[in-house]
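# Summary of the model geometry
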Amino acid sequence: MSEKKDEIAEDQAHIDESFEDVLSHEEDELEALRAERDDYRDRFMRALADAENARKRADKERQEASNYGGTRLARDMLPVFDALSRALEAANEDVRSQAGPFLEGVELTQRELLNVFARHGITTVAPEVGEKFDPQMHEAMFEAPAPGTKAGDIIQVMENGFMIHDRLLRPAKVGVSSTPKS
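Residues numbered from 1 in each chain as written. Predicted model: local features only at pLDDT ≥ 70, side-chain atom pairs only at ≥ 80, totals over all residues. Heavy atoms only, no water.

Per an unreviewed UniProt entry, the protein goes by Protein GrpE and derives from Thioclava sediminum. Regarding the protein, the relevant UniProt record gives this comment under Subcellular location (unreviewed entry): "Cytoplasm". A UniProt comment under Sequence similarities (unreviewed entry) is attached to the protein, and it reads "Belongs to the GrpE family." (UniProt positions renumbered as here; feature names shortened; annotations may be inferred.)

A few words on helix α2 (residues 71-90). For α2, built from 20 residues, the straight-helix expectation of 28 Å at 1.5 Å per residue is met to within 8% by its first-to-last C-alpha distance of 29 Å. Taken residue by residue, α2 has Thr71, Ala74, Leu78, Phe81, Asp82, Leu84, Ser85 and Leu88 as its buried positions. (Helix = DSSP H or I, 4+ residues; strand = E, 2+ residues; numbered from the N terminus. Expected span 1.5 Å × (residues − 1). Buried < 20%, exposed > 50% of the residue type's maximum accessible area, 1.4 Å probe, protein only.)

Right, let's get into the nonpolar core. Counting residues in hydrophobic clusters, the biggest one holds 15 residues, and the most contacted among them are Phe117, Ile122, Phe162 and Leu169. Every element with two or more residues in this core is listed here: α2, α4 (100-119) and β4 (161-164). Considering every element that reaches this core, the biggest residue donor is α2, with five residues. When residues no more than four places from it in sequence are discounted, the contact partners of Phe162 are Leu78, Phe81, Phe117, Ile122, Thr123, Thr124, Val125, Leu168, Leu169 and Arg170. Of all hydrophobic cores here, the second largest spans six residues; its members include Ile154, Met163, Val174 and Val176. (Core = buried A, V, L, I, M, F, W, Y, C linked by side-chain atoms within 4.5 Å. Contact = heavy atoms within 4.5 Å.)

Below, the structure written as structure tokens:
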């Protein structure tokens, strides 16, 4: 009987050892599956983030194309505006009395051009004499001393500038005061 008990005990030990081997193998496999799951989750989250970034980038590019797509055309139209402005400035009273309807047409054309500019986000940069020179918005065409001014004050505006939304299309061309004469 004692032999039988020893045999049973030995069998039980083999069963326990086999069970522990199977359990250890299952735990290793479970750990490997968890690691694989975590890897897939990480890849999924990165792919989601990449997709969101691509969507945001495409939205930004689409908005920029909408806002600034006509920049070259707008820049090409600025000399037309300048020519209309010069024509109106050059007309004295004699010319106005003789060519009144013609000048009204020029004024209407210039006004319509400004309306088209406004519809497309183009605004005029019109500095005033006495304002401080801003290199981000103005282009200094000359520098000269002028009495009653401080260095860096605008003393003459030669040509207005233009912005398209928040970008400078063309700087305003100005004359700037240097150190005034004493």
